Amino acid sequence: MNNEFLQTILVTLKLACSTTLILIFIGLPFAYWLAYTKVRLKPLIEALVSMPMVLPPSVIGYYMLVLYSPRNAFGGWLVQVFDVRLAFSFEGALITSVIFSLPFMIQPLHNGLRALPDSLSEASYTLGKSKIVTFFRVLLPNIKPSVITAVALTFAHSIGEFGVVLMVGGNMPGETRVASIAIYDEVQALNFQAANQYALILFLISLALLTTIYSVNRRYDSWKII
Amino acid sequence: MENNLIVIDIQKKMMTASGPVDLLVKTSVLQGELVALFGESGAGKTTLLRILAGLTAPDKGKITFGNTIWFDSAKKINLPPQQRNISLMFQDYALFPNMTIEKNIVCPT
């Protein structure tokens, strides 16, 4: 029982940490591109990124299952070339989780970058700094609250994921069984004590994360650009 | 150093509060010369400075700095701001809020 509890928490943390880490690498360049692009399809791209916030997880989960299916092009290609089946695996759940948490990473970063005056990057360019140096030395340090919000929200959101992981990953102990699914399971089995443990842990982690976001953002409130 | 003579001959369509305006500038700046640019708001003072810095591209024309061509619409040359030896003081100062005053000053080096 205790072992199973630790295993589930471990899987939960592994999924949330991996999701957040992957999304940092995807999110930073993507949010930068989105903030400064003049592409006409931008509203459509923004809408697609935000879709996971309004769609039920089961819809995304369903599409991902269809995508992963060996009977379809992408899934078939994966099986043929890499002998990989993503449905009901940790990796499959991870990819879905990345897509599902995308807006929580992109939106704060995007808003942060958009709120910066253009003159900051322009001044940096006239001082001879390249776009990449400008991004890491000027833009990113000045949207620190947005970065913290994005990372913490992404982590908090993916740690509490239920629907997509259940749809795509199933409920396999040690592989795809995360805390939120375990709660549901334990309640179904009338095992309230175990459910209570999982629930309390998720509650405390999320509370700690959100409190961190709000206290950090309050500290930076006085730090506005004139 | 290069020959310090800026030659400007450019044309740019601007959108101002009073509608579209054509900005036409043809002038040159000599070495050691101190030049003041004045005009009513919307006349294109900021636009000209941004064009010189490379932050805005003119529609047509040529800008040379000594022997270096900064902009030439005929040859499709438009040197990015990083490669132009020019500094620009922004209207809103554009100081980097994440850096100390010292770092702001040292930053260009």
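Residues numbered from 1 in each chain as written. Chains lettered and ligands numbered in written order. Predicted model: local features only at pLDDT ≥ 70, side-chain atom pairs only at ≥ 80, totals over all residues. Heavy atoms only, no water.

Caption draft 1: Up close: the side chain of B:Thr56. Residues and elements named next belong to chain B. Secondary-structure assignment places Thr 56 in the loop between helix H1 (45–53) and strand S3 (60–65). For Thr 56, a relative accessible area of 18% puts it in the buried group. Polar contacts involving the side chain of Thr 56 include one to the side chain of Arg 50, which spans 3.0 Å. Not counting chain neighbours up to four residues away, the residues in contact with Thr 56 comprise Lys 12, Arg 50 and Ile 51. (Helix = DSSP H or I, 4+ residues; strand = E, 2+ residues; numbered from the N terminus. Buried < 20%, exposed > 50% of the residue type's maximum accessible area, 1.4 Å probe, protein only. Polar contact = N/O pair within 3.5 Å; in protein donor to acceptor, adjacent residues only side chain to side chain. Contact = heavy atoms within 4.5 Å.)

Caption draft 2: Geometry of the packing of aromatic side chains. Residue and element names in this part refer to chain A. One pass over the structure, following the stated rule, counts ten aromatic pairs over all chains. With a centroid separation of 6.3 Å and 25 degrees between ring planes, the pair formed by Phe 74 and Trp 77 is classed as stacked. Residue Phe 74 and its partner Trp 77 are both found in helix H4 (residues 73–82); the two are separated by three residues, about one turn of the helix. Under the relative-accessibility criterion, Trp 77 is labelled partly exposed at 45%. Judged by centre distance (5.1 Å) and plane angle (80 degrees), the rings of Phe 135 and Phe 136 are edge-to-face. Members of the aromatic cluster, each reached through a chain of ring pairs, are Tyr 32, Tyr 36, Phe 135 and Phe 136. Here the basic side chain of Lys 14 rests over the ring of Phe 90, its NZ or CZ set 4.3 Å away from the ring centre. (Phe/Tyr/Trp six-rings, centres within 6.5 Å; stacked < 30°, edge-to-face > 60°. Lys NZ or Arg CZ within 6 Å of the ring centre and 35° of its normal.)

Caption draft 3: Here's a closer look at the packing of helix H10 (residues 179–188) of chain A against helix H11 (residues 192–220) of chain A. Residues and elements named next belong to chain A. The N-to-C vectors of H10 and H11 enclose an angle of 155 degrees; their axes lie 8 Å apart at closest approach. Judged on the interaxial angle alone, H11 and H10 are roughly antiparallel. The chirality of how H10 crosses H11 is left-handed. Across from Ala 179, Ser 180, Ala 182, Ile 183, Glu 186 and Val 187 in H10, the residues of H11 making contact are Phe 192, Ala 194, Ala 195, Tyr 198, Ala 199 and Leu 202. (Axes fitted to C-alpha atoms, helices over the stretch in contact; angles between N-to-C directions. Parallel < 35°, antiparallel > 145°, perpendicular 65-115°, else oblique. Left-handed = near helix turned anticlockwise from the far one by under 90°.)

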